[in-house]
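Overview (structure and organization)
The residues making up each chain are set out below.
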Amino acid sequence: MNILLAGGAGYIGSHTCVELINAGHSAVIADDFSNSCPEVLKRLEELTNTKIPFYNIDVADNEKLDKVFKENKIDAVIHFAGFKAVGESCEKPLMYYRNNLDTTFALLEVMKKNNVTKLVFSSSATVYGIPESVPLREGMKTGCTNPYGRTKLMIEEILTDVSAADESLSVVLLRYFNPIGAHKSGRIGENPNGIPNNLMPYITQVAVGKLPSLGVFGDDYNTPDGTGVRDYIHVVDLAKGHIKAIEYAEKHTGTEIVNLGTGIGYSVLDIVKAFEQANGLKIPYVIKARRPGDIAECYADPAKARNLLGWQAEKDLQDMCRDSWNWQSNNKNGYE
Ligand code: WQD
């Protein structure tokens, strides 16, 4: 299939692009570079030995988006085009609602106009909010603690309603847990703007000497070592989950929600130790106060992905730590 990757030059989108082409599909990328840069496209063409049609557009611009569909035979869409920083969403909620919802509305309208009926959406485990219990299953209660998460939940509900009203549509909502790692080549990886919010890019910037030490946000949670527990998943495993999702969407209609996680929870200190062991490095850290909005534990029940999509994560924590470091150590300043 020829897949439009809306926001496809970003961290998850770029890794998904490589795996799509490896799996025999083709890709078209539309991206405004708000969370990426032109260098990513050069590296994607290097890694896939393929010329990838690219449109530097705001995905929320119906007219420009329609041009993409008119110039390429698009069979399905994967929607990555959204802002994704929790903290920033609290400072600039309107920017998040405007962007994340408008890109969605434009995609739905232009897909309809061009008779494209398969859509995979990049959602997030953040929609579960403060879990009543773990592991998290798809049918469990949702509830969000920040505007970013609320945009993801709203988009899930919009897509569910639109799909219920149009039986030709097939929608898969993928709830990512914590993506980390990078392609084994070290040519693409996570490239946060400014000081990283997320744990692994912060650790790799400490390791490469850009930051002095890691602040561990709280060691008084009700977890084995007191630090936050999350379900870290290798970004290449996550990317392969999209291939299975789009191939599922090709054969079905209706809406499915699927967790993409490993089902294993690791604490912050587990990650620090694993990173040090995998790479023979020392990561200095200090215990700090809890980060507002953080939860103690969040990890997936991955059974539905296995049973419905025939997908499960294959890479382990050592792979994630080794590949994260390989990317950072070979790209000290990211894609600059
Ligand atoms: C992981 C753990 C922190 C940084 C967020 C979004 C989620 C998704 C992934 C977009 C927590 C601790 C972190 C640091 C630390 N993003 N930590 N020091 O918060 O689970 O999820 O990113 O889709 O939607 O909510 O990920 O990597 O920020 O934190 O101690 O400098 O590491 O407290 O326990 P999080 P994270």
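I will try to describe carefully the structure that is included in this document. All values derive from a computational prediction rather than experimental measurement.

Attention now goes to the packing of helix H1 (residues 11-22) against helix H8 (residues 235-251). At their nearest, the axes of H1 and H8 sit 8 Å apart, and the two run at 65 degrees to each other. Classified by chirality, the crossing of H8 by H1 is right-handed. Within the contact between the two elements, H1 uses Tyr-11, Ile-12, His-15, Thr-16, Glu-19 and Leu-20 and H8 uses Val-235, Val-236, Leu-238, Ala-239, Lys-240, His-242 and Ile-243.

For the rest of this paragraph, the subject is the sheet that holds strand E1 (residues 2-6). Ordered by their spatial adjacency, seven strands build an open sheet running E3-E2-E1-E4-E5-E6-E11, and the pairing between neighbours is parallel. The open sheet has two edge strands with one neighbour each: strand E3 (54-55) and strand E11 (254-260). Bridge analysis of strand E2 (residues 26-30) against E3 gives two bridges, and the strand direction is parallel. Paired with Ile-29 across the two strands is Phe-54, which belongs to E3. Packed on one face of the sheet, helix H5 (residues 93-113) meets E1, strand E4 (76-79) and strand E5 (118-124) and runs near 180 degrees to E4.

Read across the open sheet, the three strands follow the order E12-E9-E14; overall the sheet is mixed. The open sheet has two edge strands, strand E12 (266-267) and strand E14 (297-298), and neither has a second partner. Of the pairings in the sheet, the one linking strand E9 (residues 229-230) to E14 comprises two bridges and is parallel in character. Bridge pairing in E14 places Arg-230 opposite Cys-298.

Moving on: the pattern of salt bridges. Here the structure, examined in full by the defined rule, presents 18 salt bridges. Residue Glu-46 is joined to Arg-187 by a salt bridge in which the shortest nitrogen-to-oxygen separation is 2.8 Å. Of this pair, Glu-46 sits in helix H2 (residues 38-48) while Arg-187 sits in the loop between strand E7 (178-180) and helix H7 (199-207), placing them 141 residues apart in sequence. The exposure class assigned to Arg-187 is partly exposed, which follows from its relative accessible area of 28%. One network of salt bridges, in which partners are shared, links Glu-39, Lys-42 and Arg-43.

With that out of the way, let us pick up the packing of aromatic side chains. According to the stated counting rule, one finds five aromatic pairs in the structure shown. Considering the side-chain rings of Phe-275 and Trp-325, the 6.1 Å spacing of their centres and the 80 degrees angle between planes classify their relative orientation as edge-to-face. Within this pair, whereas Phe-275 is found in helix H9 (residues 268-279), its partner Trp-325 is found in helix H11 (residues 317-330), the two being separated by 50 residues in sequence. By relative accessible area, which is 0% here, Phe-275 ends up buried. On the accessibility criterion, Trp-325 (17% relative accessible area) is buried. Measuring from centroid to centroid gives 4.9 Å for Trp-327 and Tyr-335, while their planes differ by 50 degrees, and the two rings are tilted. With respect to class, Trp-327 is no different from Tyr-335; both count as buried. Just above the ring of Tyr-128 sits the side chain of Arg-175; from NZ or CZ to the centre is 4.8 Å. It is Arg-290 that lies over the ring of Tyr-221; its NZ or CZ is 4.0 Å from the centre.

All right, on to the pairing of E4 then. Consecutive side chains along a regular strand alternate between the two faces of the sheet. What you see with E4 is no split at all: Ala-76 and Ile-78 on one side and Val-77 and His-79 on the other are buried throughout. Relative to E4, E1 runs parallel, the two sharing four bridges. Counterpart to Leu-5 in the pairing with E4 is Ile-78. Where E4 meets E5, three bridges bridge the pair, whose relative direction is parallel. Paired with His-79 across the two strands is Phe-121, which belongs to E5.

Taking 1.5 Å per residue as the helical rise, H9 with its twelve residues ought to reach 16 Å, and the 17 Å between its terminal C-alpha atoms agrees with that figure. With respect to burial, H9 is a largely interior element, nine of its twelve residues being buried. Of the positions making up H9, those classed as buried are Val-268, Leu-269, Ile-271, Val-272, Ala-274, Phe-275, Glu-276, Ala-278 and Asn-279. Considering only its buried residues, H9 is in contact with H7, strand E8 (214-217), strand E10 (232-234), E12, strand E13 (285-288) and H11. Once H9 finishes, Gly-280 follows within two positions and takes phi at roughly 65 degrees, a positive value.

The subject of this paragraph is the site of the ligand. Residues in contact with the ligand amount to 20 residues; listed here are only the nearest, Tyr-148, Leu-199, Gly-215, Arg-230 and Asp-294. For the ligand, an oxygen atom lies 2.5 Å from a polar atom in the side chain of Tyr-148. Take Arg-291: an N or O atom from its side chain is 2.8 Å from an oxygen atom of the ligand. Notes on the ligand: free accessible area 680 Å², of which the protein chains cover 89%. When contributions to the shell around the ligand are tallied by element, the ones reaching two or more residues are H7 and E8. With four residues, the top contributor of residues to the shell around the ligand is E8. Class assignment of the residues belonging to the shell around the ligand gives a composition of nine nonpolar, seven polar and four charged.

Our next topic: unusual backbone geometry. A negative phi angle is the norm for most residues apart from glycine, just as the trans form is the norm for most peptide bonds. Following Val-134, the chain continues into Pro-135 via a peptide bond in cis, with omega recorded as 0 degrees. Assignment of secondary structure puts Pro-135 in the loop between E5 and helix H6 (147-165). Within the chain, Asn-49 stands out as a residue other than glycine whose phi angle is a positive 50 degrees. Within the element layout of this structure, Asn-49 appears in the loop between H2 and E3.

Cut-offs applied
Residues numbered from 1 in each chain as written. Predicted model: local features only at pLDDT ≥ 70, side-chain atom pairs only at ≥ 80, totals over all residues. Heavy atoms only, no water. Axes fitted to C-alpha atoms, helices over the stretch in contact; angles between N-to-C directions. Helix = DSSP H or I, 4+ residues; strand = E, 2+ residues; numbered from the N terminus. Left-handed = near helix turned anticlockwise from the far one by under 90°. Contact = heavy atoms within 4.5 Å. Pairing = 2+ DSSP bridges. Salt bridge = Lys/Arg side-chain N within 4 Å of Asp/Glu carboxyl O. Buried < 20%, exposed > 50% of the residue type's maximum accessible area, 1.4 Å probe, protein only. Phe/Tyr/Trp six-rings, centres within 6.5 Å; stacked < 30°, edge-to-face > 60°. Lys NZ or Arg CZ within 6 Å of the ring centre and 35° of its normal. Expected span 1.5 Å × (residues − 1). Near = heavy atom within 4 Å. Polar contact = N/O pair within 3.5 Å; in protein donor to acceptor, adjacent residues only side chain to side chain. Areas by Shrake-Rupley, 256 points an atom, 1.4 Å probe, with all protein chains shown as cover. Nonpolar A, V, L, I, M, F, W, Y, C, P; charged D, E, K, R; others polar.

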